[in-house]
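What follows is each chain in one-letter form.
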Amino acid sequence: TRELAVEVLGTTFNLRNYDDDAEAVVSLLEGKVSLINHLNREETLPLLPDEKIILNKRNGKTQLVRGKTDYATEWTKGFLFFDEKLLPDIAKELERAYNVNIQIADDTLNNYRFYGNFVHKEQTIDE
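What counts and how
Residues numbered from 1 in each chain as written. Predicted model: local features only at pLDDT ≥ 70, side-chain atom pairs only at ≥ 80, totals over all residues. Heavy atoms only, no water. Helix = DSSP H or I, 4+ residues; strand = E, 2+ residues; numbered from the N terminus. Rg over C-alpha atoms; globule rule 2.2 N^0.38 Å. Buried < 20%, exposed > 50% of the residue type's maximum accessible area, 1.4 Å probe, protein only. Phe/Tyr/Trp six-rings, centres within 6.5 Å; stacked < 30°, edge-to-face > 60°. Salt bridge = Lys/Arg side-chain N within 4 Å of Asp/Glu carboxyl O.

K.L.:
Teacher, can you tell me more about the overall build of the chain here?
P.N.:
Summing up its helical and strand segments, the chain has 1 helix and 9 strands in all. What you see for the chain is a C-alpha radius of gyration of 15 Å, in line with the 14 Å of a compact globule of 127 residues. When the backbone C-alpha atoms are referred to their principal axes, the chain occupies close to 45 × 30 × 25 Å. Every one of the 127 residues in the chain was classed for burial, and the buried ones make up 34%.

K.L.:
Sorry, what's going on with the packing of aromatic side chains here?
P.N.:
Two numbers describe a pair of aromatic rings. These are the distance of the centres and the angle of the planes. Counted under the stated rule, the structure contains 2 aromatic pairs. A ring pair is formed by Tyr71 and Phe81, whose centres lie 3.8 Å apart and whose planes are at 20°; its orientation type is stacked. Taken together, the residues Tyr71 in the loop between β7 (62-66) and β8 (79-86) and Phe81 in strand β8 connect sequence positions 10 residues apart. The exposure class of Tyr71 is partly exposed, given its relative accessible area of 46%. Pairing Phe82 with Phe118 gives two aromatic rings, centres 6.0 Å apart and planes at 65°, and the pair type is edge-to-face.

K.L.:
It is not clear to me how the pattern of salt bridges should be interpreted in this structure. Could you clarify?
P.N.:
Pairing is possible between side chains that carry opposite charge, provided their charged atoms lie close to one another. Taken as a whole and judged by the stated rule, the model has 11 salt bridges. We note a salt bridge from Glu3 to Arg2, for which the minimum N-O separation is 3.6 Å. Two residues, Asp50 and Lys68, come together in a salt bridge whose shortest N-O distance is 3.6 Å. Of this pair, Asp50 sits in the loop between β5 (45-47) and β6 (51-56) while Lys68 sits in the loop between β7 and β8, placing them 18 residues apart in sequence. Several salt bridges converge on common partners, so that one network encompasses Arg16, Asp20, Asp21, Lys85, Glu93 and Arg96.

Structure, rendered in structure tokens:
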């Protein structure tokens, strides 16, 4: 992508980087990948299983998060799983999944991270 290069070294991973998202996220389930941050010209960042890199696209900073990454590919099975995601990114993902427009009424919520999961095929946007 424009912000981040991912070199695949025999692996299962998920890359989430929509143009209008504030963050790009690479989650590694198995194997190994290395990343190059084009925004900050950082050295190659190795990623091991159950790790993810979160790239802040505004300031170019990366954050390594260790923990289970099993849910990173659940979208391929019709599940929407949010684990410490920013509210604006959750809103955008719900907009894409349900073809709706979501307005966040209070801008102070934009920096909060939330958890949640939905079965896209079984639950409506109202639910």
